[in-house]
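Report on the structure
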Amino acid sequence: MQMEAQISKRRVFAWISSLLAIVASAAVYLSMTGESGLAKQSSSARPHEVTRLDAKRAEGLGWRSDGLDAVFGFVATLSTDSFVIVTNGEVVGAYGDLRKQYSTHSMRKSFLSALVGMHLGPGAGQISLDATLEELGIDDAPEPLTAKQRQATVRHLLKSVSGISHPAAASGSLQADIDRRLGNRENEPGTIWAYNNWDYNALTTIFEMRTGLGIAEAFHQGIAVPSGMEGFDIGAVSYVADASLSVHKAAAFRMSARDLVRFGQIYLNNGRIGDRQIVPREWVNRITENFTQTGMDGLRWGHGYLWWIPGPGTGLPEGTFWSWGLGNQALFVVPEWNTLIIHQSETAEFLKRFVPMVERDGMKGEVAIEHLILSCLEPENRESDYCAEHRFTTRREFDKLISLIVKARN
């Protein structure tokens, strides 16, 4: 019986690892290519509840009423499940159920950044940014790191410039983009930027090893409780691992829009909750003062300490930063407007269709995505439950949403 249980666990583990690799493939394709220039989709408005401030009050907070009409009208045509704009602590407008938790996917990296920033220091139980992997005793298996790779520091991991090209859990076809940037070779740490899941997974290991805290426990005690999150508990965090690639795991989160507002408010308040400093102010400032240009345009123009920096052409004010995940899960922190913007979509129905197309039908990830997007352009499919409620919001549509938000400002 014990042997059968072990075999069953291995099968479940292998399936989860395979699924996350496929999901990562979708994430990379959608975020880096812009869906290969596919035309925008057209759908009817969805019947989710919208809550809005009265026009006079919204205008007093810097928002044009007709501009907000355009924003929320467009949101209703997407596969958005929750969306909210908060300015000066007031909900300017909200769409959907803000209490429901959704997978945040790669937004996990911004949560990890906050935890690291809360435990900086040279002493026991703390993390030194200048400590090398060698000094920390960090290696990998079954493929070990080289001597040069082990000279990368914690700071390099946080800035995505370790230069380490190594297989990682939950990377999928991300490895192909890493190889294009880094090559299948050694690189001098600190010289090349790459969106690299190995960096973030190794950082998870370092955090837990140095602090003695699990990611879920640390986030719950250090952020969720003091910020007043109402739906988050340690069960909202799970690990994704693939021992055939790496010993380092990814820590995945589920979170509601309501609790993402609580998290974002910490950053909008320079790391404070009331009179309590949760995240060091200097750590918050690093995001926009010490980022790396990615070589991409638009919303992913820069990347700093596991947050994205929008480019000048987006219309978002200087000093804006944001967290992104598959399905355009997003949290924008806009200090100049004293505003938070949260966007979430349920990805489960998309993945139910996408995964079999890759696993069973042998399609490449990008081909399967294009098939699903194009299928919802067909007149006979547009009003189907999937296309009306769960289709994938494309990068093109998400970029339009942000441009409408920019236009809605006075």
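Residues numbered from 1 in each chain as written. Predicted model: local features only at pLDDT ≥ 70, side-chain atom pairs only at ≥ 80, totals over all residues. Heavy atoms only, no water.

**Focus: the pattern of salt bridges**
How we decide: Salt bridge criterion: a side-chain nitrogen from Lys or Arg within 4 Å of a carboxyl oxygen from Asp or Glu. Counting from the N terminus, the helices are the DSSP runs of H or I reaching at least four residues and the strands are the DSSP runs of E reaching at least two. Accessible area is worked out with a 1.4 Å probe on protein chains only. A residue is then buried under 20% of its type maximum, exposed over 50%, and partly exposed in between.
Overall, the coordinates contain 11 salt bridges when judged by the stated rule. Between Arg262 and Glu230 there is a salt bridge, and its shortest N-O distance comes to 2.5 Å. You can see Arg262 sitting in helix 10 (residues 257-268) and its partner Glu230 sitting in the loop between helix 9 (215-227) and strand 5 (237-240), a full 32 residues away along the chain. In this structure Arg262 comes out as partly exposed when scored by relative accessible area, which is 23%.

**Considerations on the sheet that holds strand 6 (residues 250-256)**
As a reminder, the rule being used: Being paired, for any two strands, means DSSP has found at least two bridges between them. Orientation is described by axes fitted as lines to C-alpha atoms, over the contacting stretch for helices, and by angles from 0 to 180 degrees between their N-to-C directions.
One open sheet holds the three strands; their spatial order is 4-6-5, and the pairing between them is antiparallel. For this open sheet the edge positions go to strand 4 (101-103) and strand 5, each flanked by a neighbour on one side alone. Mean inter-strand twist for the sheet, computed between neighbouring axes without regard to direction, equals 30°. Pairing analysis gives three bridges linking strand 4 to strand 6, with the strands arranged antiparallel.

**So, the packing of helix 4 (residues 108-117) against helix 9**
So the rule is basically this: Throughout, the term roughly parallel applies to angles under 35 degrees, roughly antiparallel to angles over 145, roughly perpendicular to angles from 65 to 115, and oblique to all others. By definition, turning the near helix anticlockwise from the far helix through less than a right angle yields a left-handed crossing, and turning it clockwise yields a right-handed one. Contact criterion: two residues are considered in contact whenever any of their non-hydrogen atoms come within 4.5 Å of each other.
One way to put it is that helix 4 packs onto helix 9 with a least axis distance of 11 Å and a crossing angle of 70°. It follows that helix 4 is roughly perpendicular to helix 9 by the angle criterion. You can see that helix 4 and helix 9 cross each other, and the crossing is left-handed. Contacts between helix 4 and helix 9 pair Phe111, Leu112, Ala114 and Leu115 from the former with Ile215, Ala218, Phe219 and Ile223 from the latter.

**Some thoughts on the packing of aromatic side chains**
For any pair of aromatic rings, the description consists of the separation of the ring centres together with the inter-plane angle of the planes. Note the following rule: Side-chain rings of Phe, Tyr and Trp, where Trp is taken by its six-membered ring, are said to pair if the distance between their centres is within 6.5 Å; with planes under 30 degrees apart they count as stacked, over 60 as edge-to-face, and otherwise as tilted. For a lysine, the NZ atom is tested; for an arginine, the CZ atom; a charge sits over a ring if that atom is within 6 Å of the ring centre and within 35 degrees of the ring normal.
Tallied over the entire structure, the rule returns 22 aromatic pairs. Joined through ring pairs, the aromatic side chains of Phe111, Phe219, Phe232, Phe253, Phe263, Tyr267, Trp307 and Phe321 make up one cluster. We note Lys249 situated over the ring of Tyr239; from NZ or CZ to the ring centre the distance is 4.3 Å. Over the face of the ring belonging to Trp63 we find Arg409, whose NZ or CZ atom lies 4.8 Å from the ring centre.

**Points about helix 15 (residues 395-407)**
It helps to recall that an α-helix has 3.6 residues per turn; residues three or four apart then point in one direction. Keep this limit in mind: Take the number of residues in a helix, subtract one, and multiply by 1.5 Å to get its expected span.
Its 13 residues place the ends of helix 15 18 Å apart at the C-alpha level, agreeing with the 18 Å of an ideal helix rising 1.5 Å per residue. Buried within helix 15 are the following residues: Arg395, Glu397, Phe398, Leu401, Ile402, Leu404, Ile405 and Val406.

**Focus: the environment of Thr153**
Turning to its location among the elements, Thr153 is positioned in the loop between helix 5 (133-136) and helix 6 (154-158). Exposure remark for Thr153: the relative accessible area of 10% places this residue in the buried category. Discounting chain neighbours no more than four positions away, the residues touching Thr153 are Leu129, Asp130, Ala131 and Thr132.

**Some thoughts on the nonpolar core**
The criterion, for reference: As used in this record, nonpolar core signifies buried Ala, Val, Leu, Ile, Met, Phe, Trp, Tyr and Cys residues forming a set joined through side-chain atoms within 4.5 Å.
Residues Trp63, Phe83, Phe219, Phe263, Tyr267 and Phe332 are the most contacted members of the largest nonpolar core, which totals 97 residues. With seven residues, the top contributor of residues to this core is helix 10. Excluding residues within four positions of it along the chain, Trp63 makes contact with Ala58, Leu68, Ile85, Thr87, Val92, Trp337, Thr339, Ile405, Ala408, Arg409 and Asn410. Ranked by size, the runner-up nonpolar core spans 14 residues in total, among them Leu326, Val355, Ala368 and Cys387.

**Some words on the environment of Arg108**
Here is the rule: For this analysis, a polar contact is any N or O atom pair within 3.5 Å, provided that within protein one partner can donate a hydrogen and the other can accept it, and provided that sequence-adjacent residues contribute only side-chain to side-chain pairs.
Note that Arg108 resides in helix 4. For the pair Arg108 and Ala251, spaced 143 residues apart in sequence, the C-alpha to C-alpha distance is 7.0 Å. Other than its neighbours up to four places away in sequence, Arg108 contacts Asn197, Tyr200, Asn201, Ala250, Ala251, Ala252 and Phe253. Here Asn201 takes part through its side chain, which lies 3.2 Å from a polar atom of the side chain of Arg108.

So, to be careful, I would describe these as geometric facts and stop short of saying anything about function.
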